[in-house]
Amino acid sequence: MKRLESILANIFGGIFLVLAFVVTVETILRKVFTFSLQGADELGSYALAIGSVIAFTLALTGRNHIRVDVFHEALPRGAKAALNWLAITLLAAFAVTLVVICSKVLRETLEFGSTAQTPWATPLIYPQGVWYAGLIMFMVVALILAGRATYLLFNRRIDELNVEFHPKSAKEELKEELDDLAHRSAAPEALAAERAVDAGAHK
Amino acid sequence: MSVAFAGAAFLLMIGMMLVGIPIAVAMFVVGAGAGVLAFGMPFLNSTASVVWGVENENLLTSIPLFILLGELLLRSGIADRMYVALSAWLGRLPGGLLHTNIGCCALFAATSGSSVATAATIGTVALPSLYARGYSMRDALGSIAAGGTLGILIPPSVNMIVYGSLTNNSIGKLFIAGIIPGLLLTLCFMVFIAASSIIKGSAKQEELPPLAERIRLLGNLVPPVIVFGIVMGSLYFGIATATESAALGVVTALFFAWRAGRLSLDLLQNCFMQTARISGMILLIISAAFILNLTISLTGIAGVLTKWVTSLGLTATTMLFALIVFYLILGMFMDVLSMQVATIPITYPIVTALGVDPIWYGIFIVLMCELGLITPPVGMNLFVVHGIRPDKGGIEDAIWGALPYAVIMILFTLLLMALPELVTWLPAKM
C-alpha cells in the first residue's frame, strides 16, 4: 500500500513538475520572443484532470478529506464508530456515484468522436480515458476502505474501527509537520516539541 | 424553491458537516439531492459535464502548483532560515522577538498557503527561545497563532483561488487586492505588540548582532523575496496568468532548493505526497461545490434569496455587519475552507446585488476565514501553537493570547468597510 501510494505521488508530482517547466518555457518564449508553443494551457487542464483523480485517492488513503471533529471527540465510542463508518461509507457511495455519472462524459466523447476546441484538436478520449481510469481507482480504494470499516463494525471491533477511520485531528497534522521539521533540520527544538506532543497524545 | 426549503437544505448540510461527514460528501448529498428533487434524475446527467469541466479547468491547475511551491520552499528549509534573518533585524523593537514572529509569518505567508505549516514551523523555531528568554507564553502563543493566519490573506493564497473560481472573479486581481490589507494588518499586529508591551511595562528588546552579521543574514531572505516578486510581478504586469505565475514560482523555488543543496529525490517525493494529499482534499471539495453551485443556479434559489434579503430593506452595510456575526459564529465550529465553499455560493449573489464590490468581498471572506482560525473551540492555529509550546500550560493561554488579534481583525474589517479603496485601489491599477 505504501509502495502504491509513493508511486502515485511520484506520477502526480512528475506531471506537475513537467507542466511547470513547459509553462515556464512557454511564458518566456511568448513574452520575450513573441513566439507561442501553443497548447501549454491545454496541457495544464489535462494535468489537472489526471492529477486530481490521483490526488483524490492519495487524500483518501492519507485521511485528508476534511471532516469537522468538534463534536466527534465528545461522543461515546459506539456513536463515534457509527459516524466513522457512515463517513467512509458515504464517501464510497459518493465515489461510486461520480463513476456512474461521469461515464456519460466518456460515452458522449466516444459517440461523437469529440476533439478539444484547441489548435491541437486532441481527441478527448485520451485525457478523459486516463481521467476516468483514475476515478475508478478512487472508487475501488474507497470501496475497499468502506468494506474494511463495515467488516470491523459487524465484528464489533469498535476500537479498531475508531483508530483506523477517525477524523484527522489538528494534533495529528501538527505531529506530521513536526516529524518533517525534525527530519529536515535535525533541530533539537523540533525533536523536543515532537516529544512533548507525543506525551500529550498519550495523556 | 422557497426560502424555507433553501434554509432547511443549508442547515442539513451544515449539520452533516458538524457530525463529521466529509465536507465534499455533505455538499454533494445536498447539492445533488436538491437538484434531483427539483428536476428529477436527469439532473444527475448534467452534473457529469460539471465534474469533467471543473477538473479540466486550467485556472484551477494553479492550486496544486501553488501548493507545490509552498511545499518546496518549506521542506527545503528556505523558510526556516528566514526566522534567523528577521530576528536579527526586528528584535530591537519594543516587544522584541514577538515582532519577528509576526514578520516571519507574513513573509512565510507570501510563499505558502498552509497555516498549519506556517504556525508549526515558526512556532517550533521561536517558542523554545521565547520561553528561555522569559517572554510571556500567552503573548508568544497569541502572536504566532495570529501571525499564521496572515498566510491566507497575503498572496499567493489558495483560499482566494477557491473564492475566485466559485464566483468567476480574476485570481490575479484578488491576489493583488490582498497585498495592501495584508501589509496593513501585519502592521496593526506589530503596533499592538509594541503598544501593549510598553503599556504593560514589560517591553522586551533584544540586542542586535553586529551590522556585518545582519547584512550577511539578509541573504536568507533573498529566495522568498525573489519567488514572491516573480509570482506577483508577473501577475501584476499582466505577463502571466495565475497558473503561469505559479509555474514560474515552482521553477524558481526548485532553483533555490538546488542552490541550497537540498534538492534530493527524497525531498521531491515528500513534497509530491503532501501536495497530492492537500490538493486532492481541496479539489474534491471544489468538485462537490460546483455541483452544489449548479443546483443553486438552476433552481434560481440565489435570486429568490436575494429578493428576500432586499425586501427586508437591508443596506449593504447592515448585511455586512450581519455577515461578520454569521461568520464569527460559523468559524468557531467549522474549518475555514469548508466554511468558504459552503457559504460563498449563497452570500456572494446577495451582497453583490446590494452593490458590494466582488473583489472587496473576496478579501472580506478571507478575513472572516482568518478569524475562524483563531476563534475557539475550533481554531486550527490555536491547537497548533498549543501543541508545540515548550512548557506545560493549558490551551486557554493560546485562546487569550490570540483574542486581542481577533478583535484587531474585526476592527480591521470595519476599517475596510469604511475605506474600501484600501482593497480596490491596487487591483484597479492593473
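Note: the structure precedes this text.
Now for a look at the structure at hand. The residue numbering used here restarts from 1 in each chain and proceeds along that chain's sequence as written. The lettering of chains begins at A and the numbering of ligands begins at 1, in the order of writing. This being a predicted model, a pLDDT of at least 70 is required before a residue's local features are given, and a value of 80 or more before pairs of side-chain atoms are given or counted; all residues contribute to the totals for chains, interfaces and linings. Side-chain numbers here rest on the full set of heavy atoms in the structure, without hydrogens or water.

## With respect to the overall build of chain A
For chain A, the count of helices and strands is seven helices and zero strands. Only runs of H or I of at least four residues qualify as helices and only runs of E of at least two qualify as strands under DSSP, and these elements are numbered from the N terminus. Counting from the amino terminus, helix and strand elements in chain A follow one another as α-α-α-α-α-α-α. On C-alpha atoms alone, chain A measures out to a radius of gyration of 22 Å, which is more than a quarter above the 17 Å that the 2.2 N^0.38 rule sets for 203 residues. Summarising its shape, the C-alpha atoms of chain A cover approximately 65 × 50 × 30 Å along the three principal directions. Total accessible area on chain A is roughly 9900 Å²; 66% of this is exposed by carbon and sulfur atoms. Averaging the coordinates of the 19 positive side-chain charges in chain A and doing the same for the 20 negative ones gives two points 5 Å apart. Atoms counted for the radius of gyration: C-alpha only. Globule rule: 2.2 Å times residue count to the power 0.38. Methods summary: accessible areas were calculated by the Shrake-Rupley approach with a probe of 1.4 Å, and residue burial reflects only the protein chains presented. A positive count includes Lys and Arg, and a negative count includes Asp and Glu. His and the chain ends are not counted in either. Charge coordinates come from a single atom per side chain, which is NZ of Lys, CZ of Arg, CG of Asp or CD of Glu.

## Thoughts on unusual backbone geometry
Omega for the bond connecting Pro155 of chain B with Pro156 of chain B falls within 30 degrees of zero, at -10°, which places this linkage in the cis form. Along the chain, Pro376 of chain B connects to Pro377 of chain B via a cis peptide bond; the corresponding omega equals 0°. Assignment of secondary structure puts Pro377 of chain B in the loop between helix 18 (358-374) and helix 19 (380-388). In this structure, Arg63 of chain A takes a positive phi of about 55° despite not being glycine. Inspection of the secondary structure puts Arg63 of chain A in the loop between helix 2 (40-61) and helix 3 (77-112). Even without being glycine, Arg156 of chain A reaches a positive phi, approximately 55°. Relative to the assigned elements, Arg156 of chain A resides in the loop between helix 4 (125-154) and helix 5 (158-165).

## Some words on the pattern of salt bridges
Salt bridge criterion: a side-chain nitrogen from Lys or Arg within 4 Å of a carboxyl oxygen from Asp or Glu. In the structure shown here, the tally under the stated rule is 15 salt bridges over all chains. Residues Lys2 of chain A and Glu5 of chain A are paired through a salt bridge, measuring 3.8 Å at the closest nitrogen-oxygen approach. With Lys2 of chain A and Glu5 of chain A both in helix 1 (residues 2-32), this residue pair falls three residues apart, about one helical turn. The exposure class assigned to Lys2 of chain A is exposed, which follows from its relative accessible area of 67%. Here's how the labels work: a residue is buried when its accessible area is under 20% of the maximum for its type, exposed when over 50%, partly exposed in between, all with a 1.4 Å probe on protein chains only. Judged by its relative accessible area of 7%, Glu5 of chain A falls in the buried class. The salt bridge partner of Arg216 of chain B is Glu213 of chain B, with a shortest N-O separation of 3.4 Å.

## Here we look at helix 9 (residues 158-167) of chain B
Residues and elements named next belong to chain B. In terms of burial, helix 9 is largely enclosed, as 10 of its 10 residues are buried. Listed as buried for helix 9 are Val158, Asn159, Met160, Ile161, Val162, Tyr163, Gly164, Ser165, Leu166 and Thr167. If you follow the buried residues of helix 9, they end up packed against helix 4 (62-75), helix 8 (137-153), helix 10 (171-199), helix 14 (265-299), helix 17 (336-353) and helix 18. Backbone geometry just downstream of helix 9 places Asn168 in the positive-phi region, at approximately 65°. Any pair of residues with heavy atoms lying within 4.5 Å of one another is described as a contacting pair.

## Concerning the interface of chain B and chain A
Tallying the contact residues gives 75 residues for chain B and 70 residues for chain A. Summed over both sides, the interface between chain B and chain A buries roughly 6300 Å², with carbon and sulfur atoms accounting for 72% of that surface. Accessible area, probed at 1.4 Å, shrinks when two parts are joined; the buried area is that loss added up over both. For the chain B face of the interface with chain A, the top three residues by lost area are Trp52, Glu55 and Arg277 of chain B, together amounting to 12%. Connecting chain B to chain A are two salt bridges.

## A closer look at the packing of helix 2 of chain A against helix 4 of chain A
Residue and element names in this part refer to chain A. Here an angle of 0 to 180 degrees is reported between the N-to-C directions of two axes, which are lines fitted to C-alpha atoms, with helices fitted over the stretch in contact. Interaxial distance between helix 2 and helix 4 falls to 9 Å at its minimum, and their mutual angle equals 10°. Classified by the angle between their axes, helix 2 and helix 4 sit roughly parallel to one another. Taking contact as the criterion, the partners of Tyr46, Ala49, Ile50, Val53, Ile54, Phe56, Thr57, Leu60 and Thr61 in helix 2 are, on helix 4, Pro127, Val130, Trp131, Gly134, Leu135, Met137, Phe138, Val141, Ala142 and Leu145. Residues belonging to the contact of helix 2 with helix 4 are distributed by class as follows: 16 nonpolar, three polar and no charged. By definition in this entry, angles of less than 35 degrees are roughly parallel, angles greater than 145 are roughly antiparallel, angles of 65 to 115 are roughly perpendicular, and the rest are oblique. All amino acids are sorted into three groups, where Ala, Val, Leu, Ile, Met, Phe, Trp, Tyr, Cys and Pro are nonpolar, Asp, Glu, Lys and Arg are charged, and the leftover types, Gly among them, are polar.

## Side note on the packing of aromatic side chains
Residues and elements named next belong to chain B. To pair, rings of Phe, Tyr and Trp, with the six-membered ring standing in for Trp, must have centres within 6.5 Å; the planes then decide the type, stacked if under 30 degrees apart, edge-to-face if over 60, and tilted in the middle. Within this structure, the stated rule accounts for 19 aromatic pairs over all chains. Judged by centre distance (5.5 Å) and plane angle (20°), the ring pair of Tyr361 and Phe364 falls under stacked. Taken together, the residues Tyr361 and Phe364, both in helix 18 and three residues apart, mark about one turn of the helix. Judged on exposure class, the residue Tyr361 and its partner Phe364 are both buried. An aromatic cluster is present here, built from Tyr163, Tyr348, Trp360, Tyr361 and Phe364 joined pairwise through their rings. Note on criteria: charge over ring means Lys NZ or Arg CZ within 6 Å of the ring centre, with the direction from the centre no more than 35 degrees off the ring normal. Cation over ring: Arg214 sits above Trp89, and NZ or CZ is 5.0 Å from the ring centre.

## Concerning the nonpolar core
The term nonpolar core refers to a set of buried residues drawn from Ala, Val, Leu, Ile, Met, Phe, Trp, Tyr and Cys, joined through side-chain atoms within 4.5 Å. Core analysis: the largest hydrophobic core is formed by 222 residues, its most contacted members being Trp131 of chain A together with Met27 and Tyr361 of chain B. No other element matches the 18 residues that helix 14 of chain B contributes to this core. Discounting residues that sit within four places of it in the chain, Tyr361 of chain B has contacts with Tyr163, Leu320, Leu323, Tyr327, Thr347, Tyr348, Val351 and Val356 of chain B.

## Considerations on helix 3 of chain A
One less than the residue count of a helix, multiplied by 1.5 Å, gives the span that helix is expected to have. Taking 1.5 Å of rise per residue, the 36 residues of helix 3 of chain A would be expected to cover 52 Å, and the 53 Å separating its terminal C-alpha atoms lies within 8% of that figure. Of the residues flanking the end of helix 3 of chain A, it is Gly113 of chain A, one or two places downstream, whose phi is positive at about 55°.

## Focus on the environment of Leu19 of chain A
Here Leu19 of chain A is to be found in helix 1. Judged by its relative accessible area of 2%, Leu19 of chain A is buried. Here the alpha-carbon distance between Leu19 of chain A and Leu161 of chain A, two residues 142 residues apart in the chain, equals 40 Å. Beyond its immediate stretch of four places on either side in the chain, Leu19 of chain A contacts Ala40, Leu43, Gly44 and Ala47 of chain A together with Thr61 and Leu65 of chain B.

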